[in-house]
Amino acid sequence: MKSASIAGFALASAIAMAGEGTLTIDLDKLGPKVSKSMYGIFLEEINNAGEGGLYAELVQNRGFEDANLPPACKLQNGFLIPPRSNHFWENHPVDYKLAWDVPTNHPAWSFEVPDGSASTIELVTERPLSKASPHAVKVVSNGDSPKIVNHGFWGMSFKKGEQYDLSLFLQGSPVKVSLLNAKGEEIGSANLTASNKKGWQKLSAKLVAKETDPKGKLAITFSKGTTYVDFVSLFPHKNVRGLRPDLLKMITDLKPAFVRYPGGCYVEGITIESRPQWQQTLGPLEQRVPTYAPWGYWNSNGFGYHEFLQFCEDIKADALYVFNCGVSCAFRSGTYLPDEELPGLIQNTLDAIEYAVGPTSTKWGALRAKNGHPKPFPLKYVEIGNEQSGARYGKRVKLFYDAIKAKYPSMKVILSSWISGIDRAAINAAEKIDIVDEHAYTGANWAISHADHFDRYPRNAEYDLYIGEFACNADVANGNMLAALNDAAYMLGMERNADIVKMGSYAPLLENINRREWEVNLIHFDSAKVFGRASYYACRMFAENLPDQMISAQLDYKPTETKGIVGPIGLGTYGTSAEFKDIKLEIDGKPVDVNQAGWKPRTGDWKVRDTGYAQLSQDWDCWSYFGDGYHDLTLSLKARKLAGGEGFVVSPGEVEGKRLQFNVGGWGNGKNTLELYGAIQMVDGHVDTDRWYDIRIVTKGREVTTYLDGKQVFKHTPVRADPVLTNAGYDHAKGELVVKVINPGSESAKLTLNLPGAEVGSKGTVTSLSSPDLTAENSFDEPNKIVPVTRSLTGLSNSFIHEFAPHSISILRIPVRRTR
Ligand code: AHR
């Protein structure tokens, strides 16, 4: 490495400044009315959200059916393979496969026979309990207590002194059922004997736990003779209509106006044959056909269509049920029902609607009454398909729409757009539609730097817009404060554009931390505990403070000038070993000593060698940094790849605390990219092994220019991700102005709030969610690290000053009366 004498370089000011500005809210300038249904929830069977989550059943694989392959799939070399027939959109099969991690034919159960015993335990189909539950366990015991043990969903949570309600189907000899602690010791038990000697008999027991253990298990021990057992169920007695109270509370605290269910990709299935079918989820539990979630597990459908509708009614939310449109998941197989089968599918959808809202004189309305609910359920919306696309899909929607509207004119019908944006081809082909559902998963700082996203939507749309799935879910770890700021910025834009955006729901809602199928989820839980991420509290604050009409809010704000691109310089690799040499750094034309000792490896295996500074591991995301506070620089070096799947990465500093980087031979060694919260610019690019490349990066303020082998590749000025964002609305019922202010930056923002034409009450409140650290997160250990704090505001008048903390989401409620 080149060694030169230290020359002066400028360090960025570490002193936090306050930006200043004015926010003028003119009560005479009323904006659009805000839909009461602006915030709902999207509850998908993903991440064991329902099964092993909200649905309180403690036994996993209660019907012994979880080793079944999903319909129409086959198993090849440990992978599930859907049929390789043509995709609905594309005229060729999709190359998708899913790892099949099912170790035995009795997942979640262990079969335990004493060593050397002649007793046997096996899974059989000779005594089917029902069509839906053909497998059962057969035990031939010679009296030495063979047993089967269920491990629950990564443990069963037992609490000392609490009751657990067990039921099972039995034929044959008596059994003992026991609650076990994690060590396998019995902490509660009961004996069950079938009086009926022939056929299945349902038996039940109340078990009381003598200990608290979040990792408990359930054992069934068999006495001498031949015994069959099936459909073993255990519920905590403390449940709310079969649901886990702690998760239910987290959900109801979000005050959802509606619930979208059951997916998502779940609605569509890996294959069209494995799609969920609502009518199979009704009636006695042991007769319900399980559904294979494309997220890799079986749903027993204990929380079925009826329970979903009941849940909506109980939490006073409208139901939004998503029906399959005859096409399976576009990512998984795109297999579909031919057009000739659509009339049957549409009739099936009409039947489901009849079940939910039809009079009890109808076939399906009568079944609803028989199932205990004569009154109609609050089904208000039906969505046709999920994340589909194109005219062919739109034509299908039209058929559903016409049939549904003919019978249920007030039912709102939703078309689901492909991810990001509105699918014009589908909408045109549908001809008429009530609501279009757009999905928006964005990276860190996208929402903040695209705050005007919805402002630019056409105003003359003939449908309402529903953002059915939104989340900032890249570069925000498990969901940190930065994610919450972005999610809040996104919701701010939805509200400001309330004339077109009528509904929204964050996605996904729930994550059993033992099965993360999606990178960022709102509420995390295990068998015993639950916490909400920072974005959970942002969503809650927005739902709790929904105005009924927007008001014009003019913000004039200037953050303090920063040095733009500033920070340490960095060298990095992704899954690749590489070497760097001749590293030269100049600030204002003066060299800085980039000496060997000064490099600080953070991840990877960095070695100073004769040939250069090498990173020898092939781990992902290996970095070493030098110095700090550099800006307006020229950084040049040579780099070569030694081995691995990509090239090398060089960073000239950070933009608002986030690393900016020139990735050469990135993205599987196919692209050169400029990256900051994901790729900003991208061109084709490839790196050869063992060839030295010349890299040069020049920064000036916020502008960066990168060169490869003397040729300019990128020139870019990142937008500022620290503006203050705001909106204002009126809560007529309470006579309060609701002002939302997001300050994503690292300096506080001092705003003068001017309220011309208003009589302002002297006392209000401010609720804030903030953290000094953008990367801070809530966790099981620190569930309340980032939670909203409400305090009163005094001395309010037509013009007052309020200082908004760095990295904060604030909602002011100010009593006002219009005076003009
Ligand atoms: O929310 C997770 C998934 O994201 C949904 O299943 C799907 O609709 C989207 O792609």
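Residues numbered from 1 in each chain as written. Predicted model: local features only at pLDDT ≥ 70, side-chain atom pairs only at ≥ 80, totals over all residues. Heavy atoms only, no water.

### Considering the sheet that holds strand S28 (residues 530–532)
- Pairing within the open sheet is mixed, and its three strands lie in the order S26-S27-S28. Because the sheet does not close on itself, it has two edges, and the strands there are strand S26 (510–512) and S28. Averaged over all pairs of adjacent strands, the angle between strand axes in this sheet comes to 20°, irrespective of strand direction.
- Alignment of S26 against strand S27 (residues 523–525), held across three bridges, turns out to be parallel. For Asn512, the partnering residue across the bridge sits in S27 and is Phe525. (Pairing = 2+ DSSP bridges. Helix = DSSP H or I, 4+ residues; strand = E, 2+ residues; numbered from the N terminus. Axes fitted to C-alpha atoms, helices over the stretch in contact; angles between N-to-C directions.)

### Thoughts on the site of the ligand
- Contacts to the ligand come from Phe42, Glu44, Ile46, Gly264, Cys265, Trp295, Asn386, Glu387, Tyr441, Glu469, Pro508 and Trp518.
- Here Glu387 contributes a side-chain N or O atom positioned 2.7 Å from an oxygen atom of the ligand.
- Burial of the ligand by the surrounding chains reaches 99%, relative to a free accessible area of 280 Å².
- Along the lines of polarity and charge, the residues of the shell around the ligand split into seven nonpolar, two polar and three charged. (Near = heavy atom within 4 Å. Polar contact = N/O pair within 3.5 Å; in protein donor to acceptor, adjacent residues only side chain to side chain. Areas by Shrake-Rupley, 256 points an atom, 1.4 Å probe, with all protein chains shown as cover. Nonpolar A, V, L, I, M, F, W, Y, C, P; charged D, E, K, R; others polar.)

### With respect to the pairing of strand S22 (residues 412–416)
- Among the five residues of S22, four are classified as buried, and the element is accordingly described as predominantly covered.
- The sheet contact formed by strand S21 (residues 379–384) and S22 spans four bridges and is parallel. In the strand pairing of S22, Ile384 is matched with Leu415.
- Following the backbone out of S21, through helix H6 (residues 390–407) and into the adjacent parallel S22, one traces a crossover that is right-handed.
- Bridge analysis of S22 against strand S23 (residues 435–443) gives three bridges, and the strand direction is parallel. Bridging from a neighbouring strand, Ile414 pairs with Ile435 of S23. (Buried < 20%, exposed > 50% of the residue type's maximum accessible area, 1.4 Å probe, protein only. Right-handed = clockwise from strand over helix to strand, strands pointing away.)

### Digging into the side chain of Ser617
- By the secondary structure assignment, Ser617 is in the loop between strand S35 (612–615) and strand S36 (622–630).
- Among the polar contacts made by the side chain of Ser617, one reaches the main-chain amide nitrogen of Asp619 at a distance of 2.8 Å.
- For Ser617, the residues in contact, after removing those within four places along its chain, are Thr576, Ser577, Gly604, Asp605 and Cys622. (Contact = heavy atoms within 4.5 Å.)

### Focus on the sheet that holds strand S38 (residues 648–655)
- Spatial strand order, S33-S36-S30-S38-S39-S40-S41: seven strands in an open sheet with antiparallel pairing. Every other strand in the sheet has two partners, leaving strand S33 (599–603) and strand S41 (679–684) as the edge strands with one partner each. Pairwise comparison of adjacent strand axes, ignoring direction, gives a mean angle of 20° for this sheet.
- As judged from the four bridges shared by S33 and S36, these two strands associate in the antiparallel manner. Directly across from Lys600, in S36, lies its bridge partner Tyr625.

### A look at the confidence of the model for the chain
- With 98% of its residues at a pLDDT of 70 or more, the chain has an overall mean of 94.
- Confidence over residues 1–16 falls short of pLDDT 50; this stretch has 31 contacts with residues more than four positions distant or in other chains. (pLDDT = per-residue confidence, 0-100.)

### Details of the packing of helix H3 (residues 305–314) against helix H4 (residues 342–357)
- Close contact between H3 and H4 brings their axes to 11 Å; oriented N to C, the two are set at 45°. The orientation of H3 relative to H4 falls into the category oblique. Pair H3 / H4 crosses with right-handed handedness. Here Tyr305, His306 and Leu309 of H3 lie close against H4, whose contacting residues are Ala352, Ile353, Tyr355 and Ala356.
- Classifying every residue of the contact of H3 with H4 gives six nonpolar, one polar and no charged. (Parallel < 35°, antiparallel > 145°, perpendicular 65-115°, else oblique. Left-handed = near helix turned anticlockwise from the far one by under 90°.)

### Brief notes about the packing of aromatic side chains
- Per the stated rule, a full pass over the model turns up 39 aromatic pairs.
- Seen from their ring centres, Phe580 and Phe648 are 6.3 Å apart, and the 75° between their planes marks the pair as edge-to-face. Pair noted here: Phe580 is in strand S31 (residues 576–587) and Phe648 is in strand S38, with a separation of 68 residues, a long-range link.
- Taking the relative accessible area as the measure of exposure, Phe580 reaches 0% and is therefore buried.
- Here Phe648 falls in the buried class, since its relative accessible area comes to 0%.
- Chaining the aromatic ring pairs together yields one cluster made of Tyr261, Trp278, Phe303, Tyr305, Phe308, Phe311, Tyr321, Phe323, Tyr355 and Trp364.
- Against the face of Phe42 rests Arg260, its NZ or CZ located 4.4 Å from the ring centre.
- One Lys or Arg, Lys740, reaches over the ring of Phe542 and ends 4.9 Å from the middle of that ring. (Phe/Tyr/Trp six-rings, centres within 6.5 Å; stacked < 30°, edge-to-face > 60°. Lys NZ or Arg CZ within 6 Å of the ring centre and 35° of its normal.)

### Thoughts on the side chain of Asn663
- Tracing the sequence through the fold places Asn663 in strand S39 (residues 658–665).
- Classification of Asn663 as buried rests on a relative accessible area of 3%.
- A distance of 3.1 Å separates polar atoms of two side chains, one belonging to Asn663 and the other to Glu675.

### Examining the packing of H4 against H6
- One can describe the packing of H4 onto H6 by two numbers: an axis separation of 10 Å at closest approach and a directional angle of 40°. Comparing the axis directions of H4 and H6 gives the class oblique. The element H4 and its partner H6 pack so that their crossing is right-handed. Contacts between H4 and H6 pair Leu342, Leu345, Ile346, Thr349, Leu350, Ile353 and Glu354 from the former with Arg396, Leu399, Phe400, Ala403, Ile404 and Lys407 from the latter.
- Counted by class, the contact of H4 with H6 contains nine nonpolar, one polar and three charged residues.

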